[in-house]
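Here's the letter readout for the chains.
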Amino acid sequence: MQDAQDKLELHQKLLKYPPFYTLQDHKETRKKQITQWSEIVHLYFQSHKILETSISEMLNVPIFQDQSSGIIKKLDASEIREILNQMAQLGSIEWKNDQNFSVNLVSPFELADAIYAWAKEKKLIGYTETLKGITEGSQTDQTKKFYNLPQEQILKACLILEETGRCQVYEFDGLYSIKLI
Amino acid sequence: MQQSLFFLSAEMTAMTQFNEKTLFIYQNMQFLDKKLKMKVPKLNLVITTHRLIFTNNPNIEQLKTNDAQFVYLVVPLQHIKTVQTKTGFLSSQIDHINFETNLGDVSLYGDNLEGPLLQIKGSMEKKEWLKVQEQQQTQSVYRGLKSELDKKEKQTQQTIETVQSTFKGGFEELFKNASELKEISQYIKQNIKKGENNEIDEILSKIGQSRLDKTEDQFYEKLAEQVYKLCVELFPKMGGIISLLDVYYYFNKKRNQNLVSPEEILKAGLQFQKLNYQAKIERYDGISVFESTQYNIDKDYENTLGKFISYEVGLTAEQLAKKLGISVMICKIKLRNAINQGKVCVDNRIEGTRYFQNLIINI
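An unreviewed UniProt entry annotates chain B as Vacuolar protein-sorting-associated protein 36 originating from Paramecium sonneborni. Per UniProt, the comment on chain B under Sequence similarities (unreviewed entry) is "Belongs to the VPS36 family." Here is the UniProt Subunit (unreviewed entry) comment for chain B, exactly as written: "Component of the endosomal sorting complex required for transport II (ESCRT-II)."

Naming follows an unreviewed UniProt entry, where chain A appears as ESCRT-II complex subunit VPS25 of Paramecium sonneborni.

Peer 1: How should I be thinking about the overall build of chain A in this particular structure?
Peer 2: If you tally the helices and strands in chain A, you get 7 helices and 8 strands. Taking all contacts inside chain A whose residues are at least 6 apart in sequence as the whole, residues at least 24 apart take part in 49%. Accessible area for chain A stands at about 10,300 Å²; split by element, carbon and sulfur atoms hold 52% of it.

Peer 1: How do you make sense of the overall build of chain B when you look at a structure like this?
Peer 2: Secondary structure assignment for chain B yields 13 helices and 12 strands. If you take every contact in chain B between residues at least 6 apart in sequence, the share linking residues at least 24 apart comes to 51%. Here chain B displays about 23,500 Å² of accessible surface, and carbon together with sulfur accounts for 51% of that area.

Peer 1: Can you walk me through the side chain of N337 of chain B in this structure?
Peer 2: All names here are of chain B. Structurally, N337 is set in helix α13 (residues 328-340). Under the relative-accessibility criterion, N337 is labelled buried at 6%. Excluding anything up to four places from it in sequence, N337 contacts I241, Y284, Y295 and I297.

Peer 1: I tried to follow the interface of chain A and chain B on my own but got confused; where do I start?
Peer 2: Between chain A and chain B, the contact holds 22 residues from the first and 21 residues from the second. Counting the surface lost from both chain A and chain B, the interface buries some 1,800 Å², and carbon and sulfur atoms represent 62% of this. Among the residues chain A hides against chain B, the three largest losses belong to Y17, H26 and K32 of chain A. Together they make up 30% of the total. At the boundary of chain A and chain B, one finds 1 salt bridge. Note that D66 of chain A is salt-bridged to R349 of chain B, the shortest N-O span being 2.3 Å.

Peer 1: What is the right way to look at helix α9 (residues 244-255) of chain B in this model?
Peer 2: Given 3.6 residues per helical turn, the α-helix brings residues three or four places apart onto the same face. All names here are of chain B. For α9, built from 12 residues, the straight-helix expectation of 16 Å at 1.5 Å per residue is met to within 8% by its first-to-last C-alpha distance of 16 Å. Taken together, the buried positions of α9 are occupied by L244, V247, F251, N252 and R255. One side of α9 carries all its buried residues, which in axial view fall inside an arc of 115°. Contacts from the buried residues of α9 go to α8 (216-238), β8 (241-243), α10 (262-269) and β10 (287-292). Positioned one or two residues after α9, N256 has a phi angle of 70°, which is positive.

Peer 1: What is the right way to read unusual backbone geometry from this model?
Peer 2: Peptide bonds are, in most cases, trans, and in most cases residues other than glycine have a negative phi. A positive phi angle, near 65°, is found at N148 of chain A, a position not held by glycine. Mapped onto the elements of the fold, N148 of chain A is located in the loop between α6 (131-136) and α7 (151-163). Taking the relative accessible area as the measure of exposure, N148 of chain A reaches 44% and is therefore partly exposed. Of note in the backbone geometry, K42 of chain B takes a positive phi value of approximately 55° without being a glycine. In this fold, K42 of chain B is placed in strand β2 (residues 38-48).

Peer 1: Looking at this model, I keep getting lost on the pairing of β10 of chain B. Mind explaining?
Peer 2: When a strand is regular, its side chains alternate between the sheet's two faces. Residue and element names in this part refer to chain B. Of all 6 residues in β10, 5 are buried; the element is thus mostly enclosed. The sheet contact formed by strand β9 (residues 279-284) and β10 spans 6 bridges and is antiparallel. Residue E282 lies in a different strand from β10, and its bridge partner there is V289. Once β9 ends, the chain turns through 2 residues before running back antiparallel as β10, passing D285 with a positive phi of about 50°.

Peer 1: What exactly am I supposed to notice about the environment of Y220 of chain B here?
Peer 2: Residues and elements named next belong to chain B. Residue position: Y220 is located in helix α8. Given the relative accessible area of 8%, Y220 is considered buried. The spatial distance from the C-alpha of Y220 to the C-alpha of L266 is 9.8 Å, given a sequence separation of 46 residues. Look past the residues within four positions of Y220 in its chain and what remains in contact with it is E264, K267, A268 and Q271.

Peer 1: Would you mind showing me how to read the pattern of salt bridges here?
Peer 2: Two side chains with opposite charge may pair up if their charged atoms get near one another. This model, assessed by the stated rule, comprises 19 salt bridges over all chains. The salt bridge partner of R81 of chain A is D98 of chain A, with a shortest N-O separation of 3.5 Å. With R81 of chain A in helix α4 (residues 77-90) and D98 of chain A in the loop between β4 (93-95) and β5 (100-103), this pair connects stretches of sequence that are 17 residues apart. Residue D98 of chain A is classed as exposed on the basis of its relative accessible area of 55%. Between D298 of chain B and K343 of chain B there is a salt bridge, with the nearest N and O atoms lying 3.1 Å from each other. With a gap of 45 residues between them, D298 of chain B in helix α11 (residues 297-303) and K343 of chain B in the loop between α13 and β11 (344-349) connect regions that are remote in the sequence. Take D298 of chain B: its relative accessible area is 34%, and that puts it in the partly exposed class. Since its relative accessible area comes to 24%, K343 of chain B is described here as partly exposed. When salt bridges that share partners are traced, they join D66 of chain A together with D347, R349 and R354 of chain B into one network.

Peer 1: Explain the nonpolar core here, please?
Peer 2: One broad rule of soluble globular proteins: the nonpolar side chains tend to lie buried together. V41, F45, F64 and I134 of chain A are the most contacted members of the largest nonpolar core, which totals 52 residues. Looking at which element gives the most residues to this core, the answer is helix α5 (residues 108-121) of chain A, with 7 residues. Excluding its chain neighbours within four sequence positions, the residues that come into contact with F45 of chain A are I50, T53, M58, M87, I93, F101, V103 and L105 of chain A. Listed in part, the 25 residues of the second largest apolar core include L43, I94, F99 and I120 of chain B.

Procedures and definitions
Residues numbered from 1 in each chain as written. Chains lettered and ligands numbered in written order. Predicted model: local features only at pLDDT ≥ 70, side-chain atom pairs only at ≥ 80, totals over all residues. Heavy atoms only, no water. UniProt positions renumbered as here; feature names shortened; annotations may be inferred. Helix = DSSP H or I, 4+ residues; strand = E, 2+ residues; numbered from the N terminus. Contact = heavy atoms within 4.5 Å. Areas by Shrake-Rupley, 256 points an atom, 1.4 Å probe, with all protein chains shown as cover. Buried < 20%, exposed > 50% of the residue type's maximum accessible area, 1.4 Å probe, protein only. Buried area = accessible area lost by both parts, 1.4 Å probe. Salt bridge = Lys/Arg side-chain N within 4 Å of Asp/Glu carboxyl O. Expected span 1.5 Å × (residues − 1). Arc of directions from axis to C-beta. Pairing = 2+ DSSP bridges. Core = buried A, V, L, I, M, F, W, Y, C linked by side-chain atoms within 4.5 Å.

See below:
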């Protein structure tokens, strides 16, 4: 909790620091800068529950704009793309094409753990469940991280569970179901 | 007591200009010099085509140059810029007339000033003094060849007199005054052929000369020595980096003559390493600079930029250069070094580029 609070304070400090809106030439500084931007953007996606968006929409996002001096200073498209590429490497987003991308509010590994823990809680081990049933079924609720997430993300998490021997994934006619082991 | 600028002697007052005529004389007038706050009463005002003469001389029309016991205050009409009348507080009659002139402001007091006012304005409109000047100019155009020759001869005579006064006593007198210089040049003449002589080299370098050595390399080595001496003087003031342009300027300022070109100074600088001097030539963004080998970026940052740059307030290169007393070019080089070290961050905006202390690297 303390860490989260410290992070928030740090982010607020950085967002008030004018050079933060210019990608620095110094390698080490740039690396840290991109990392911090990735965290800030990821938190922004989480708080606004953004699952899909594009670079052109991101240009108008307020966090990328600094109004400390008279004229607004914004990050341009190439700079935003650099930040998003870093996020894609960390698994936070996935590119659909050159402009559009989907957002993984929770990482696939986290999701996989959350699904297995839920299955254990609801005594669903040994039973088969559809992907829709996992995200929207009667046994799930809004408190769960996987609630109402896109099926692609749930499938990824299930594939991770399969890799770790905790489930089996079946596909029939484009529809997927899993058996938790 | 300060004298009024309008005060003239009888002799000067009597010198009438060409075509000047007396128009009217008014009695019992008062003259006020506003600057001196001096009011002179009971004067006669003589209005001519060219001037206003205030005097207590009752026979002004037969004025003689030795009439020194009287007062004469003269206002040339051509110097009057504005004329303003002032009425009394409760009446519409003119109380006094104010004149704004090139020599200062004056006022005329008296009864029935309407008449004098009209006369004065009339004279000012006619501008009789200009007619005189045109006639004189016309006369000078048609003076003839003889007068032109006379004029030339006069000018030549004046020049001869000037030159002669300068060379009073002739050249021998001049040489007597230059005896010390003569002794030095004789000494150099006798000793210069004997080879290395530090004393002569020092004398020559102080007057901006160096001996013409046998080879080009030797010349550049000598020059390198002199340039290095200058760099050693300047490094502490300039923070360890001096641009080639600055070295060129300061070096030639000392010499005053037979100036050395920037290429020669650069070639001399390239000899530094070979001669084991503690300076070198570096290039930053196409700009050649002389840099001390003892130049430490960290220490230099602490002593210079580090004192003015902070996390909160960003400064431009020009502002920093002004605070440090160095050129903008050198300041930008120092900033570039500091950025490469991760000490400074750049904020690029439409308003310009500002520099801040690096907060991000300390996360």
